[in-house]
Amino acid sequence: MSYPRMISNTAAPTPANPGYDPCSNYTVLDQPWRATNESWYYACDQDFEWSGWYRLLYYGMNIRMPEVCSSGCSTNIALWLNGSHPQIQDGIVTRQICANNGGTCCSSYYRTTSIRVKACPGNFFVYEFIGLPYWWCSAYCADITTLSPSNFSTTGVIPEMNITTDSSFDPCYNYTALDSYWRDTRTNYRGHDDTRVEWKGWYRLYLQGKIAQMSEWCGYYMTCGGVTPLLLRGSHPQIGDGIVTREVIGSRGLTCNYYKSNPIQVKACPGNYYVYKLVKPVVSIPLPSYCAVSFSNSSVDPCYSYTALNDTWRSSTDTTTTSQCDIYVNWVGWYRLFYQGQSTKMPETCVSPNRCGTTIPLWLNGSHPRVEDGVVVRQICGSSSSDCCFYQFFPIQVKACPGNYYVYEFVRPNFCPAAYCTVPYKLFPIPPGTVQQAVTVDGGSTLIQLDYPFFYFGKPHSQLYLSMNGFLSFEPLYPVGYDPSLNKDIIAPLWTKIHIYTRGNISYSQATSGPLVKLAANEIYQVLPGSKISVSWVFISTWEKEVTFQVLLISDSENRSYVVMNYASIPISPQAWMAGYKTENNTNNFTIEAPSTSSLFSTTNVGIPGHWTFRVDGAVSAPSTLFFPMLPGAIQHAVTSDGGSTLIQLDYPFVYFGKPHSQIYLSMDGFLSFEYLYPDGYDPTLNKDIIAPLWTDVDSYTRGNISYEQATNGSLIELATNEMNRMFPGLNFSASWVFVATWEKMEFEPDTGEVTFQVVLISDSKNHSYVLMNYGSIPPDPLSWMAGYKTVNNTYSFSIQAPSTSSLSSTTNVGIPGRWAFHVDSAVSVSPPPALFYPFGSGFGDTLNPLSDDGSSPAINLQSPFTFFRRTYTKLYVNNNGHLTFDQPWDSYTPTQFNAYSGRDIIAPFWTDVDNRGAGTISYNQYTSGSVLSQATWDVNQYFPQFIFTASWVFVATWDKVAYYSYSGTETSFQVVLISGDGFSFMLINYGDIAPTNYRVEAGYDTNFTDYSVILWSNDKSTIPNLKYLSNVNVPGRWAFVLNQPSNTNDGVLAARLKVLTGSNLTDINNQKIFLQQLQDELRRRGVSSTIKVKRVQKKSP
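Things to note about the pattern of salt bridges
Okay, step 1: Going through the model one piece at a time under the given rule, you end up with 24 salt bridges.
Okay, step 2: Across the pair Lys118 and Asp21 runs a salt bridge whose closest N-O atoms are separated by 2.7 Å. Residue Lys118 is found in strand 7 (residues 114-120), and its partner Asp21 is found in the loop between strand 1 (5-6) and strand 2 (27-30); the two are separated by 97 residues along the sequence.
Okay, step 3: Accessibility expressed as a relative area gives 28% for Asp21, which makes it partly exposed.
Okay, step 4: Residue Asp689 pairs with Lys659 through a salt bridge whose shortest N-O separation is 3.2 Å. Here Asp689, found in the loop between strand 43 (672-673) and strand 44 (690-695), pairs with Lys659, found in strand 42 (residues 659-667); they are 30 residues apart in sequence, far enough to count as distant.
Okay, step 5: Taken together, the salt bridges that share partners define one network made up of Arg233, Glu247 and Lys260.

Structural data, given as structure tokens:
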């Protein structure tokens, strides 16, 4: 490689030779930014390695150092000559350097610094500049009042750019390699000046041997080796564009295009690199330096090789902390974002400061790519209170992946506190068989016949219309956008003017069995705890990209109907809009209140941002009064002092998110607490355990009463039991204790009318705890308020979303306007077991393995023979260390990499050193009838549609929340499912939460033959938890394999010709091996017999 040389007449340090003359041996510094008329900036002469003598010029004219106290000079501390310049006859003299630090003209830090100076024929001077003390930022100045003509050719004058026009000359193969590590946008080196480089011809950029390109992106605190980073204005060309001209800009502080430098020529070359005809930058720019940025170009597809990020604090709605900073993360490779276990993405629109767990939230400045776009580069922005992109950060690479997710190559931010954000949405998956592009006509709708009747406020429906404009109806409607005068039965997740002129898709699917139904049941149970409904039918419709939202209709066997609305990334709609539902003649209406459509993803009525759930069958009617009655014996006027509270001893322990309480404080200001609190009205900073039916400034100056009662038997217990079972059918609840507090006809401060509401605490004999909140007549509250609950440090919190207090009586999460119900004992797991797990545990009849380190089950006689790659077995062993064997129990806790050639058939969902003695269970079961076989049949036909399969036998082994040796205190869950029928054998492996471990892990299977498959072979603890998100069937956490098939299936295939596209460089022998193994695995997954081998692959193009 050759490099451009520096323009320098610099001699070595002045030799003792008396004939040496620095007037003819110097380096030219034509740097106009040194002039005393230039403003303050960050030019620092401490960053340079000074050697020899220097001549100062100003755009080619002579200039000298100032002899009086000076300022400016593009630096913090201006350096001037304390003494007059010499005459020619004086020869070389020594002069003291003084420093103006803004308060002292000759700072003591510099008084001992001296340089040598000489006057030269031609009316100029040369200076022997030396290194400076590292005290703040200083630079040698040039006195703008001393300009004089120079005989120095045209130094500093930039000629017209020499344009390459020779069509026979190709700079892609005629360039100089430029590999300067300090040009990297991520370095802080500042000792370079590209105006002092003798630029000639074309250059190709590298960074420490890696292919690089000029940066198109501005970043805060960038230096690129100098003070002013030089960037390419506009995008790089494509290969077909040939040689193009691009402007070059220089950034200063937060302004990306503060300076304009000289344009350059650029060309894109085959092999995915660029060449540049770099020229001398404009000399008035302080220490300019061309910036370079490099991106990874791995042959491994990052869509299948990434690290999962599942930090809930990264949510763009999270405000619990602002201390996180991604500068401390060791970012290596690619990352996929998750929120509460579900795939998500970075926000593409502004995120307010103090969110995402940090002060400066980082968001993607540009849209996400499409799958066909491949890897793209996007700028990262950081928000301030005044500017969404006030802080500009280093760009990252992004790729869209099959399966509707994205991966990101994150890099360290420029400074703290800043962190990458995620969009906190959770959408239902779009399953195979979904009808895509369901509506394509602008403003049109599609008629859909339902597979199951859906009851909507008392009316059964067998068909519906799906509208492009974001709503469902039961008759054809064609409004132009949102029409508030249209009083029809309408379910409107986002009713506005929507079209798909340039992008987007509207899809729908419905199911009466399978994973979708199971997922819907889990969803209802999570948001309405205790609702053990039996889901019979699910309908899902999704509007996606770049406006993304979803609506679900759910029915159960008793014709109860639910609507779920899920919101993802939505920009602000300039049109009128409505989200919620309405009925004919407006008899039952609900509107989600949000300041704009972009806020919908942060609103909720069920405690999950972006989710709304409603019961809409109309079968639940409100009683004559929502309120529990105050019986004789109730304590009246329990609180009378303004802002006061009353201590109440409870007759029964009440468990609140894991903590049992025997006393409670009842506050006049509309809340209950478990310790004495005395806020003046609503205080959002008070992070305590609080139950707040309506926390605000409530008074009883002129009227009103606060009363309470509790009971362990009698009519209140009977009423609580009935109400719980009415709201949550199937709960079979039996109340043991009830506490009721009622604020009746109170007044706000200031008084706006009568205020009535109630809170009910209910416990049963199993310490299950529920809270009911009932709302009566309430006027608007002019002060801030909160309705819901919260806990210490906001670990659990929920706020009822309503536009004002007067709307509380029409809101609900249980289908009864004015009532809200919550399960608050924490018995409902925040992260329920993965829906993809087959039933397990003693409640499903499982047999438990012994509590033993390195133990095994006894021999398990199989109820149906199981064939594993041409060997048929009638028994197997479930070994505690995460594997199944067929010949004998095995206690091995140290895995060997497959293909191990061990002579043993082994299935290893997670082979490592497991210890179940302290926590966790290992259990197994087998089935020859029932719903498990139906589930297995559905799964196999979904993943292997080339077969027509019916399961006749299923074996399930589950490791639930087990620890590592020696009882690590962590929890790891995984499961293996063996399925057989009609001569076929299949295997599913399911992964839940996987704790990191320093032990080696093997996942997959191995045989006595040549058949094997590796899901994971790793002793890298950072990659092991990713199993929860990886898959070979596009279902995160699940892997599916064909282990045997009838001898006549595919056996007639002697040869096949396949067209395969790969991004790998197949001229590399290692890539060839990887490709052949991946192809072999893919053929086997698609049902090709393991006896068929890949013998030869012929490359066709390019």
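Here's the deal with the pairing of strand 31 (residues 459-467)
Okay, step 1: Strand direction decides the pairing type here: strand 30 (residues 445-456) and strand 31, joined by 8 bridges, are antiparallel. Within strand 31, the residue paired with Thr446 across the bridge is Leu466.
Okay, step 2: Remark: 2 residues form the turn of the hairpin made by strand 30 and strand 31, two consecutive strands paired antiparallel; Phe457 in that turn has positive phi of roughly 50°.
Okay, step 3: The pairing of strand 31 with strand 32 (residues 472-473) spans 2 bridges and is antiparallel. Residue pairing across strands places Leu466 opposite Leu472, the latter belonging to strand 32.

So, helix 3 (residues 931-943)
Okay, step 1: Spanning 13 residues, helix 3 covers 18 Å between terminal C-alpha atoms, matching the ideal 18 Å at 1.5 Å per step.
Okay, step 2: Every buried residue belonging to helix 3 is among Val932, Leu933, Gln935, Ala936, Thr937, Asp939, Val940 and Tyr943, and all of these are buried.

Concerning unusual backbone geometry
Okay, step 1: Looking along the chain, the bond that leaves Glu749 and enters Pro750 is cis, with omega of 5°.
Okay, step 2: Here Pro750 lies in the loop between strand 47 (735-748) and strand 48 (754-764).
Okay, step 3: Even without being a glycine, Cys224 presents a positive backbone phi close to 60°.
Okay, step 4: Turning to its location among the elements, Cys224 is positioned in the loop between strand 14 (210-214) and strand 15 (228-233).

Observations concerning the sheet that holds strand 40 (residues 611-615)
Okay, step 1: Strand order in the open sheet formed by 5 strands is 34-35-36-37-40, with antiparallel pairing between adjacent strands. With partners counted over all chains shown, the strands left at the sheet margins are strand 34 (505-511) and strand 40, one partner each. Here the average twist between neighbouring strands, direction ignored, is 10°.
Okay, step 2: By the bridge criterion, 8 bridges tie strand 35 (residues 535-544) to strand 36 (residues 549-556) in an arrangement that is antiparallel. Residue pairing in the sheet places Ser541 in a bridge with Val551 of strand 36.

What about the confidence of the model for the chain?
Okay, step 1: Here the chain shows a mean pLDDT of 81. Residues at 70 or above account for 84%.
Okay, step 2: In this model, residues 5-16 is a region of pLDDT below 50 whose contacts with residues beyond four sequence positions or in other chains number 31 contacts.
Okay, step 3: Residue range residues 154-161 is modelled with pLDDT below 50. Its contacts to residues more than four positions away, or to other chains, number 16 contacts.

Examining the nonpolar core
Okay, step 1: Counting 41 residues, the largest nonpolar core has Phe654, Leu666, Ile691, Phe739, Trp743 and Leu761 as its most contacted members.
Okay, step 2: Tallying contributions element by element places strand 47 first for this core, with 6 residues.
Okay, step 3: Leaving out residues up to four positions away in the same chain, Leu761 has contacts with Phe654, Ile664, Leu672, Ile691, Trp737, Val738, Phe739, Tyr770 and Val771.

Topic: the packing of aromatic side chains
Okay, step 1: The full count for this structure, using the stated rule, is 69 aromatic pairs.
Okay, step 2: For the ring pair Phe48 and Trp50, a centre distance of 5.9 Å and an interplane angle of 55° mean the geometry is tilted. Like Phe48, the residue Trp50 is buried in the burial classification.
Okay, step 3: Seen from their ring centres, Trp953 and Phe955 are 6.3 Å apart, and the 25° between their planes marks the pair as stacked. Of the two residues, Trp953 and Phe955, neither departs from the other in class, the shared state being buried.

Digging into the state of the cysteines
By definition, a disulfide links the sulfur atoms of two cysteines through a covalent bond.
Okay, step 1: Tallied over the full model, the rule gives 10 disulfides.
Okay, step 2: Note that Cys44 is cross-linked by a disulfide to Cys137, the S-S spacing being 1.6 Å. Torsion about the S-S bond of the Cys44 and Cys137 cystine: about -110°, corresponding to left-handed handedness. You can see Cys44 sitting in the loop between strand 2 and strand 3 (54-58) and its partner Cys137 sitting in the loop between strand 8 (124-128) and strand 9 (138-140), a full 93 residues away along the chain. There is no split in this pair, since Cys44 and Cys137 are both buried.
Okay, step 3: Between the sulfur of Cys224 and that of Cys291 lies a disulfide, 1.9 Å long from S to S. Handedness of the Cys224-Cys291 disulfide follows from its S-S torsion of about 100°: it is right-handed. One end of the pair, Cys224, is in the loop between strand 14 and strand 15; the other, Cys291, is in the loop between strand 20 (288-290) and strand 21 (292-294), and 67 residues separate them in sequence.
Okay, step 4: Residue classification places Cys291 among the buried positions, given a relative accessible area of 0%.

About the criteria used
- Residues numbered from 1 in each chain as written.
- Predicted model: local features only at pLDDT ≥ 70, side-chain atom pairs only at ≥ 80, totals over all residues.
- Heavy atoms only, no water.
- Salt bridge = Lys/Arg side-chain N within 4 Å of Asp/Glu carboxyl O.
- Helix = DSSP H or I, 4+ residues; strand = E, 2+ residues; numbered from the N terminus.
- Buried < 20%, exposed > 50% of the residue type's maximum accessible area, 1.4 Å probe, protein only.
- Pairing = 2+ DSSP bridges.
- Expected span 1.5 Å × (residues − 1).
- Axes fitted to C-alpha atoms, helices over the stretch in contact; angles between N-to-C directions.
- pLDDT = per-residue confidence, 0-100.
- Contact = heavy atoms within 4.5 Å.
- Core = buried A, V, L, I, M, F, W, Y, C linked by side-chain atoms within 4.5 Å.
- Phe/Tyr/Trp six-rings, centres within 6.5 Å; stacked < 30°, edge-to-face > 60°.
- Disulfide = S-S within 2.5 Å.

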